[in-house]
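A structural walkthrough
Given next are the chains, with one letter for each unit.
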Amino acid sequence: MVAKQLDGYIKPELMACCGAREIQENNIVLVGTGFPTMAANIAKHTHAPNARLMQESGVYDARPKRPALSVGDPCLNPGAAMIGGLMDIMGMGLQAGNVDVGFLSGSQVDKFGNINTTCIGDYENPKSRLPGSGGANPIGSLVKRVLIIALHDTRRLAEKVDFITTPGYIDGPGAREKHGLPPGTGPHVIITNKAVMRFDKSTGEAYLDTYHPDTTVEEVVKNTPWDLKVSPDVRETEPPTEFELRVLREVLDPKRMISAYISRGYV
């Protein structure tokens, strides 16, 4: 599948830039591969040079010479500040409250930012079984800001997920704290192939903040399976800057290894 060209860039590049803009200077960012690493590294090469990246595998502040193909890719090791293990990241990092940003995605995402990677349908008699949590539950439970990547359609987005693998705001304000999760944590944004949705802290629900250049507010609302509220300041998503695209194409992924792969699903 060839990604649609949008005035000099493709949709995955726009989405990666949207993710990068959510990362602030000196943030500690827990990333995997694909979109998260591209977004985090765009931020490091533009407005947040002192952001530090960590992988579940135990690598901290990696400086790879090529895009990593997995969290255990050997290219992450040379020049890294630390090469530890899973317990170092999940213990000293996540459980100690030291991680600012984490990237997640899933088979279903609902209006409260809950993520399902367990099953579609009833748990006891599902239509399909999914891979499960991996590190997603602790990431979604403990990082200060969760950035969610999702396809924008009524199959991936849901008013209510079939199973909460990773908690968002669960069923509304105060629910995370009631279930013992640290205050001030939770989903921050959902970045889709049509829009950027943020969360209203008074309701816990995602609302439309910006719509991408090739779509409209009406199309976004139509493809969202809940009563999506629209910001009074809704606007078109800022396209990638020339600098962001140069970093992405010439520095981070000159052979378009990751861009070509992720383009298949995010046209």
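Described below are features of the structure shown in this document. Nothing here was measured: the structure is a model prediction, and the numbers come from that model. (Residues numbered from 1 in each chain as written. Predicted model: local features only at pLDDT ≥ 70, side-chain atom pairs only at ≥ 80, totals over all residues. Heavy atoms only, no water.)

**Remarks on the overall build of the protein chain**
The secondary structure content of the protein chain amounts to 8 helices and 17 strands. Over its C-alpha atoms the protein chain spans a radius of gyration of 18 Å, differing by no more than 12% from the 18 Å that the globule rule assigns to 267 residues. Structurally, the protein chain occupies a C-alpha span of about 45 × 45 × 35 Å along its principal axes. Nonlocal contacts in the protein chain, meaning residues at least 24 apart in sequence, comprise 66% of its contacts between residues at least 6 apart. Counting every atom, the protein chain has about 12,300 Å² of accessible surface; 52% of that belongs to carbon and sulfur. Side chains of the protein chain carry 29 positive and 31 negative charges; the gap between the two charge centres is 4 Å. (Helix = DSSP H or I, 4+ residues; strand = E, 2+ residues; numbered from the N terminus. Rg over C-alpha atoms; globule rule 2.2 N^0.38 Å. Contact = heavy atoms within 4.5 Å. Areas by Shrake-Rupley, 256 points an atom, 1.4 Å probe, with all protein chains shown as cover. Lys, Arg positive; Asp, Glu negative; His and termini not counted. Charge placed at Lys NZ, Arg CZ, Asp CG, Glu CD.)

**A closer look at the pairing of strand β11 (residues 126-129)**
Relative to β11, strand β10 (residues 119-121) runs antiparallel, the two sharing 3 bridges. Paired with Gly121 across the bridge in β11 is Pro126. Adjacent in sequence and paired antiparallel, β10 and β11 are bridged by 4 residues. (Pairing = 2+ DSSP bridges.)

**Brief notes about unusual backbone geometry**
With a phi close to 60°, Asp61 is a non-glycine residue in the positive phi region. Its location among the elements puts Asp61 in the loop between β5 (59-60) and β6 (82-83). A relative accessible area of 10% places Asp61 in the buried class. Phi is positive for Ile170, close to 60°, though the residue is something other than glycine. Mapped onto the elements, Ile170 comes out in the loop between β13 (157-158) and α5 (175-178). Judged by relative accessible area, Ile170 falls into the buried class, the value being 17%. (Buried < 20%, exposed > 50% of the residue type's maximum accessible area, 1.4 Å probe, protein only.)

**Digging into the sheet that holds strand β8 (residues 108-110)**
Read from one edge of the open sheet, 3 strands run β9-β8-β13, paired in mixed fashion. Since the sheet does not close on itself, it has two edges, and those belong to β9 (115-116) and β13, each with one partner. As defined by bridge partners, β8 adjoins β13 across 2 bridges and the pair is classed as parallel. Each residue of the ladder has a partner; that of Val109, found in β13, is Leu157.

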